[in-house]
Amino acid sequence: MNKFPKLITIEWEGPFKLAEIVENFNASKDYGLYQIYGAHNIFGPNSLLYLGKAEEQSFSERIPAHKEWIEWESASIEIYLGRLGGTEPMTEERDSEWCSEIDIAERLLIYFSSPPYNSKNIQSYGDISDVIVINYKKRNRLPIEVST
C-alpha cells in the first residue's frame, strides 16, 4: 500500500509592524501562523525570535498578547503572517482539519527553526509522521521545506 505524505503549504507575507497588524488583520481570513523577528544577543539582527499560531483568535487579537516583551526589545521587530495554502477553500466543515494542519505546521517549524523565545516543541515535535510543510512567498529565514 502506497502512503503519500500529507502536504501542508503556508503562504507568507510581510514584514509588518505590530500597529499594522492590530489595525488591519481582523478579517475572517486572518488566521494562521506568524513569525516575530528582531535583534538577539547571540543570533544578531533579523533573527527569528518567536513562531506562533493564531487559530482561535485573529492575528490582530493574538499577536498583541506578546506586546509586553515586544516593547522591551532593543530593536524594532518585524512580523510575518502565514496562511494555509492549497486548492480547497476554508469552510466550517474543514475547521478541525484546518486547525490540525496549523498545529502540525507550527510544531514542525518550531522544532526545525528553534526560535529562542519559544519554549514548547523545541525538543520534539511530538507524534507526527509523514508530513511535509512547504513555505512560500515572504518566508524570511524559514526553510522552504521541513518534513518528518
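Given the structure is predicted, the values throughout are model-derived calculations rather than measurements.

### Quick word on the overall build of the protein chain
Secondary structure summary: the protein chain contains four helices and six strands in total. Along the protein chain, helices and strands appear, N-terminal first, in the series β-α-β-β-α-α-β-α-β-β. For 148 residues, the compact-globule estimate of 2.2 N^0.38 gives 15 Å, and the protein chain sits close to it at 15 Å. Projecting the C-alpha coordinates of the protein chain onto the three principal axes gives extents of approximately 55 × 35 × 25 Å. When burial is assessed residue by residue, the protein chain has 43% of its 148 residues classed as buried.

### Describing the sheet that holds strand 1 (residues 6-16)
An order of 3-2-4-1-5-6 is seen for the six strands of this open sheet, with the pairing classed as mixed. In the strand order of this sheet, the two ends are held by strand 3 (44-54) and strand 6 (145-147), each with one partner. The mean angle between the axes of side-by-side strands here comes to 25°, regardless of whether they run parallel or antiparallel. Two strands pair when backbone bridges link them, and strand 1 and strand 4 (residues 78-84) are joined in this way by five bridges, in the antiparallel orientation. Paired with F16 across the strands is I79, a residue of strand 4. The sheet strands contacting helix 4 (residues 95-113) are strand 1, strand 2 (32-40), strand 3, strand 4, strand 5 (131-137) and strand 6, and the helix crosses strand 3 at an angle near 155°.

Calculation rules
- Counting restarts for each chain: residues are numbered from 1 in the order of the written sequence.
- Confidence filtering applies because this is a predicted model: local features only for residues at pLDDT of at least 70, side-chain atom pairs given and counted only at 80 or more, and all residues used for totals across whole chains, interfaces and linings.
- Side-chain measures here rest on the full set of heavy atoms in the structure, leaving out hydrogens and waters.
- Here a helix means four or more residues in a row that DSSP labels H or I, a strand means two or more in a row labelled E, and each is numbered from the N terminus.
- Using C-alpha atoms as the atom set, the radius of gyration is obtained and then compared with a globule rule of 2.2 Å times the number of residues to the power 0.38.
- We call a residue buried when its accessible area falls under 20% of the maximum for its residue type, exposed when it is over 50%, and partly exposed in between, using a 1.4 Å probe and counting protein chains only.
- Being paired, for any two strands, means DSSP has found at least two bridges between them.
- The axes used here are C-alpha line fits, helices contributing only the stretch in contact, and every angle between their N-to-C directions lies in the interval 0 to 180 degrees.
- Note on definitions: a residue-residue contact is assigned when non-hydrogen atoms from the two residues lie within 4.5 Å.

It is worth stressing that arrangement in space is one thing and function is another; only the former is reported here.
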